[in-house]
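Letter by letter, the chains look like this.
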Amino acid sequence: MDHAAEAHRTDLMTITRHVLNEQSKHPEARGAFTILLNHIVLGCKFVCSAVSKAGLAKLIGLAGETNVQGEEQKKMDVLSNEVFVKALISSGQTSILISEEDEEATFVDPSKRGRYIVVFDPLDGSSNIDCGVSIGTIFGIYMVEHKDDLSLEDVLQPGEKMVAAGYCMYGSSCTLVLSTGNGVNGFTLDPSLGEFILTHPDIKIPKKGKIYSINEGNAKNWDKATAKYVENCKFPKDGTSPKSLRYIGSMVADVHRTLLYGGIFMYPADKKSPNGKLRLLYEVIPMSYLMEQAGGQAFTGKQRALELVPNNIHERSPVFLGSYDDVEEIKKIYAAVEEEST
């Protein structure tokens, strides 16, 4: 046994240690936020474990309507939702929960209330689970001013008021990417320790990328600006090489690649979905928050994504996010197209 190597394994920067380090920079902190993040991490570990067994479930008879004991088997997205709702309420730090799976907001019982609102998509891309494509959980955290006097208005805040955001991707490894407003850090789950270890410190997205990511199947419905930008990606007029197309169809995986390698991820409004398809509160805003924290940009086709105020909890929005220069280019195209039409 290599004792030196084993000793080194105890000197790792775990996500708990990282969050505690951040907390120590704020003398007024009481640890409530740290407790909340620990419960989110626990939820991610649970879902990661469940997702890794999901492929086997059919094989060993766990995915039918009922199992041999007569217990109803839940779909992964429903199970993930229950896991996060229970983990967040039991933290004692949340007041309102908004989930992609629940039509209505969940107002936490006053006896268990805290100062935070959590918006989340418990299992984004769950339709991809049967073919082994990476899926993930997306979350964002807001603060509430008065936990005893709550209304839905407390939730409908622009992204610039968010205090933290992140996602956990369940793929070839389980990766949690988090920002608490001071840059972006990536952690990978070490299964032998059951701990998330800091593997991607201070992620910075490249200023310009070589990849564009969009569902080309919707091309006939795109607006003029999107079509023009994609045309420029394929046939650049400035003599540079064309960009490569990469589109997984799972937002967490596409955004993760964009964050690490640079480029642009786009889900525009089109004739079929005039308001875009992605949900503003728990998909567009958290991912836009992370992009800006990593030095990128996020744009809706009309404005900065983090300035958009939601009108309802399940509102949809178009989004273009990624490397600063790439998003800047599409902003210029939108401005030019608008000028032409006036």
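As annotated in an unreviewed UniProt entry, the protein chain carries the name Fructose-1,6-bisphosphatase, cytosolic and comes from Castanea mollissima. You can read under Subcellular location (unreviewed entry) in the UniProt record for the protein chain the words "Cytoplasm". The record held by UniProt for the protein chain lists under Cofactor (unreviewed entry) the comment "Mg(2+)".

### Details of the sheet that holds strand β3 (residues 116-124)
The sheet built from eight strands is open, its strands ordered β2-β1-β3-β4-β5-β6-β7-β8 with mixed pairing. On the outer flanks of this sheet lie β2 (106-107) and β8 (195-200), each paired with one strand and no other. Two elements, β3 and strand β4 (residues 135-143), share seven bridges in a ladder whose sense is antiparallel. In the sheet register, V119 faces β4, and the bridge partner there is G140.

### Looking at the pairing of β3
Of all nine residues making up β3, nine are buried, and the element is well covered by its neighbours. For strand β1 (residues 94-99) and β3, the ladder comprises five bridges, and the chain directions are parallel. If you follow I98 over to β3, its bridge partner there is V119.

### Concerning the packing of helix α6 (residues 251-261) against helix α7 (residues 280-293)
Axis separation between α6 and α7 bottoms out at 11 Å; the angle between their running directions is 15 degrees. Overall, the two elements α6 and α7 adopt an arrangement that is roughly parallel. Considering how the two elements wind past one another, α6 and α7 form a crossing that is right-handed. Touching M251, V252, V255, T258 and L259 of α6 are E283, M287, L290 and M291, all from α7.

### Structural notes on the UniProt feature "domain: Fructose-1-6-bisphosphatase class 1 C-terminal" (unreviewed entry) in the protein chain
On the UniProt side, "domain: Fructose-1-6-bisphosphatase class 1 C-terminal" (unreviewed entry) is annotated at positions that read residues 205-334 here. Regarding residues 205-334, the helix share stands at 36% and the strand share at 15%, and the terminal C-alpha atoms are separated by 23 Å.

### Observations concerning the pattern of salt bridges
In the structure shown here, the tally under the stated rule is twelve salt bridges. With a shortest N-O distance of 3.9 Å, K208 and E329 are connected by a salt bridge. With a gap of 121 residues between them, K208 in the loop between β8 and β9 (211-213) and E329 in helix α8 (residues 324-341) connect regions that are remote in the sequence. Residue E329 is classed as partly exposed on the basis of its relative accessible area, which comes to 28%. Here R257 ties to D254 by a salt bridge, and the two come within 3.0 Å at their closest N and O atoms. Linking R257 with D254, this pair stays in helix α6, spanning three residues, or about one helical turn. Assigned by exposure class, R257 and D254 land together as buried. Where salt bridges share partners, they join E160, E292, R304 and E307 into one cluster.

### Brief notes about a positive patch on the surface
A contiguous patch of positive charge on the surface is contributed by K220, K271, K272, K277 and R316. Along the chain, K272 falls in the loop between β11 (264-267) and β12 (278-279). Exposure remark for K272: the relative accessible area of 58% places this residue in the exposed category.

### Section: α7
Three- or four-residue spacings in an α-helix give side chains the same orientation, since the helix completes a turn every 3.6 residues. Of all 14 residues in α7, twelve are buried; the element is thus mostly enclosed. Buried within α7 are the following residues: L280, L281, Y282, E283, V284, I285, P286, M287, S288, Y289, L290 and M291. Once α7 finishes, G295 follows within two positions and takes phi at roughly 95 degrees, a positive value.

### Considerations on α8
Given a rise of 1.5 Å per residue, 18 residues ought to cover 26 Å, and the 26 Å separating the end C-alpha atoms of α8 matches this to within 8%. All of the buried residues in α8 are D326, V327, I330, I333, Y334 and V337. Viewed along the axis of α8, the buried residues span an arc of 115 degrees, placing them on a single side of the element. Opposite the buried face of α8, at more than 90 degrees from it, the exposed residues are K332 and E339. Lining the buried residues of α8 we find α5 (224-234), β11, β13 (297-299) and β15 (319-322).

How each quantity is defined
Residues numbered from 1 in each chain as written. Predicted model: local features only at pLDDT ≥ 70, side-chain atom pairs only at ≥ 80, totals over all residues. Heavy atoms only, no water. UniProt positions renumbered as here; feature names shortened; annotations may be inferred. Pairing = 2+ DSSP bridges. Helix = DSSP H or I, 4+ residues; strand = E, 2+ residues; numbered from the N terminus. Buried < 20%, exposed > 50% of the residue type's maximum accessible area, 1.4 Å probe, protein only. Axes fitted to C-alpha atoms, helices over the stretch in contact; angles between N-to-C directions. Parallel < 35°, antiparallel > 145°, perpendicular 65-115°, else oblique. Left-handed = near helix turned anticlockwise from the far one by under 90°. Contact = heavy atoms within 4.5 Å. Salt bridge = Lys/Arg side-chain N within 4 Å of Asp/Glu carboxyl O. Patch = residues over 30% accessible without salt bridge, like charges linked within 9 Å, V, L, I, M, F, W, Y side chains within 5 Å. Areas by Shrake-Rupley, 256 points an atom, 1.4 Å probe, with all protein chains shown as cover. Lys, Arg positive; Asp, Glu negative; His and termini not counted. Charge placed at Lys NZ, Arg CZ, Asp CG, Glu CD. Expected span 1.5 Å × (residues − 1). Arc of directions from axis to C-beta.

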